[in-house]
Amino acid sequence: MLVLIVAHILFLHVTGSNNPLGIKVNREKVPFHTYYTIKDLVGVFIFLFIFAVIVFFYPTAFIDPNNYLVRDSIDTPMHIKPEWYFLFAYTILRAIPNKTGGVVMLVLSVLILFTVPIFNKRKFVRIRFYPVSQVLFWCFFTTFVILRWVGTKGTDYPFDFLRKLCTFNYFLYFFFVPICNFMWDWVLLGGINLTVKNS
């Protein structure tokens with residue numbers, strides 16, 4: 001963690017900070033000390049208060065009640081499911097009938113997240129300049145939430161259909177967003193000089 005902090009400070013010193021629009025104007029910058037220091041301290045204290053309340057008063061709030069059942073070494077329980085942060089990948093695994101294809105799609109569902117910085121070739125820094133990408137992002141967010149919810153359900157009709165539909169939408173998002181960003185840049189900039197990256 002210390003290495004990441006030093007790297008962050010180094011890059012911040014070299015390139016400088018920016019504003020929400022991504023425009024480099026020195027007169028619009030806010031000094032770090034007092035404003036950001038107090039803001040960060042307030043956030044840390046609020047987090048520590050909520051964390052302490054959960055730890056001391058509600059320690060079992062996020063534990064599955066089925067974990068308190070008596071273990072049976074002969075019978076595998078039907079309620080086994082992964083933790084919430086892997087439910088989307090587990091749902092994609094269950095959506096594919098072929099076992100090998102399901103494992104491949106499970107691995108791809110995680111690896112495709114690493115391609116986001118590679119294909120993020122927008123001319124503007126913020127997504128607010130890309131309304132189509134905003135709509136696609138919120139559709140992706142909804143798909144992700146539904147994938148997590150369906151991962152906790154059974155294999156009967158409505159959940160099986162939702163599982164397959166959301167799996168298709170999950171991978172479709174990563175295909176359409178770079179195309180939509182390129183098309184929107186072409187519309188905004190008039191198709192001129194799209195290959196040169198603005199600094």
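All values derive from a computational prediction rather than experimental measurement.

### Re the overall build of the protein
Right, so step 1: Across its full length, the protein carries seven helices and zero strands.
Right, so step 2: Among the 199 residues that make up the protein, the fraction classed as buried is 16%.
Right, so step 3: Taking contacts inside the protein between residues at least 6 apart in sequence as the whole, the part at least 24 apart equals 61%.
Right, so step 4: Counting only carbon and sulfur atoms, one obtains 72% of the accessible surface of the protein, whose full area is about 15900 Å².

### Details of the side chain of Arg 163
Right, so step 1: As for its placement among the helices and strands, Arg 163 is situated in helix H7 (residues 157-189).
Right, so step 2: Setting aside anything within four residues of it in sequence, one finds Arg 163 in contact with Thr 91, Arg 94, Ala 95, Leu 147, Val 150, Lys 153, Gly 154 and Thr 155.

### Some details on the packing of helix H3 (residues 87-95) against helix H6 (residues 131-150)
Right, so step 1: At a minimum axis distance of 8 Å, the contact between H3 and H6 shows a crossing angle of 75°. Taken together, the axes of H3 and H6 lie roughly perpendicular to each other. Only Phe 144, Leu 147, Arg 148 and Val 150 of H6 make contact with H3, whose side of the interface consists of Leu 87, Phe 88, Thr 91 and Ile 92.
Right, so step 2: The class makeup of the residues in the contact of H3 with H6 is six nonpolar, one polar and one charged.

### Points about the pattern of salt bridges
Right, so step 1: By the definition in use, this model includes two salt bridges.
Right, so step 2: Of the charged contacts, one joins Asp 160 and Arg 163 as a salt bridge, the two residues approaching to 3.6 Å between their closest N and O atoms. Of the two residues, Asp 160 and Arg 163 both sit in helix H7, three residues apart, roughly one turn of that helix.
Right, so step 3: Taking relative accessible area as the criterion, Asp 160 reaches 25% and is therefore assigned partly exposed.
Right, so step 4: The class of Arg 163 is buried, set by a relative accessible area of 1%.
Right, so step 5: The salt bridge involving Lys 164 is made with Asp 160; its shortest N-O contact spans 3.6 Å. With Lys 164 and Asp 160 both in helix H7, this residue pair falls four residues apart, about one helical turn.
Right, so step 6: Salt bridges sharing common partners tie together Asp 160, Arg 163 and Lys 164.

### Some remarks on H3
One turn of the α-helix equals 3.6 residues, which is why residues spaced by three or four share an orientation.
Right, so step 1: Where H3 is concerned, the buried positions are Leu 87, Phe 88, Ala 89, Thr 91, Ile 92 and Ala 95.
Right, so step 2: Among the structural elements, helix H4 (99-111), H6 and H7 are those in contact with the buried residues of H3.

### Thoughts on the packing of aromatic side chains
Right, so step 1: Across all of its chains, the model carries 16 aromatic pairs by this definition.
Right, so step 2: Centroid distance Phe 137 to Trp 138: 5.1 Å. Interplanar angle 75°. Geometry classified as edge-to-face.
Right, so step 3: Among the residues examined, Phe 137 registers a relative accessible area of 32% and is labelled partly exposed.
Right, so step 4: Measuring from centroid to centroid gives 5.5 Å for Phe 140 and Tyr 170, while their planes differ by 35°, and the two rings are tilted. Residue Phe 140 is found in helix H6, and its partner Tyr 170 is found in helix H7; the two are separated by 30 residues along the sequence. In this structure, Phe 140 and Tyr 170 share a single accessibility class: buried.

### Here's the deal with the nonpolar core
Most often, soluble globular proteins keep nonpolar side chains buried together rather than apart.
Right, so step 1: With twelve residues, the main nonpolar core is built from Phe 88, Ala 89, Ile 92, Ile 112, Phe 140, Leu 147, Cys 166, Tyr 170, Phe 171, Tyr 173, Phe 174 and Val 177.
Right, so step 2: Those elements that place two or more of their residues in this core are H3, H6 and H7.
Right, so step 3: It is H7 that contributes the most residues to this core, six residues altogether.
Right, so step 4: The residues contacting Phe 174, other than those within four sequence positions of it, are Ile 112, Leu 113, Val 116 and Phe 140.

### Some thoughts on the confidence of the model for the protein
Right, so step 1: This prediction gives the protein a mean pLDDT of 83; 85% of its residues lie at or above 70.
Right, so step 2: Looking across the protein, the model is least confident in helix H1 (residues 2-15), with a mean pLDDT of 78, and most confident in H4, with 93.

Parameters and conventions
Residues numbered from 1 in each chain as written. Predicted model: local features only at pLDDT ≥ 70, side-chain atom pairs only at ≥ 80, totals over all residues. Heavy atoms only, no water. Helix = DSSP H or I, 4+ residues; strand = E, 2+ residues; numbered from the N terminus. Buried < 20%, exposed > 50% of the residue type's maximum accessible area, 1.4 Å probe, protein only. Contact = heavy atoms within 4.5 Å. Areas by Shrake-Rupley, 256 points an atom, 1.4 Å probe, with all protein chains shown as cover. Axes fitted to C-alpha atoms, helices over the stretch in contact; angles between N-to-C directions. Parallel < 35°, antiparallel > 145°, perpendicular 65-115°, else oblique. Nonpolar A, V, L, I, M, F, W, Y, C, P; charged D, E, K, R; others polar. Salt bridge = Lys/Arg side-chain N within 4 Å of Asp/Glu carboxyl O. Phe/Tyr/Trp six-rings, centres within 6.5 Å; stacked < 30°, edge-to-face > 60°. Core = buried A, V, L, I, M, F, W, Y, C linked by side-chain atoms within 4.5 Å. pLDDT = per-residue confidence, 0-100.

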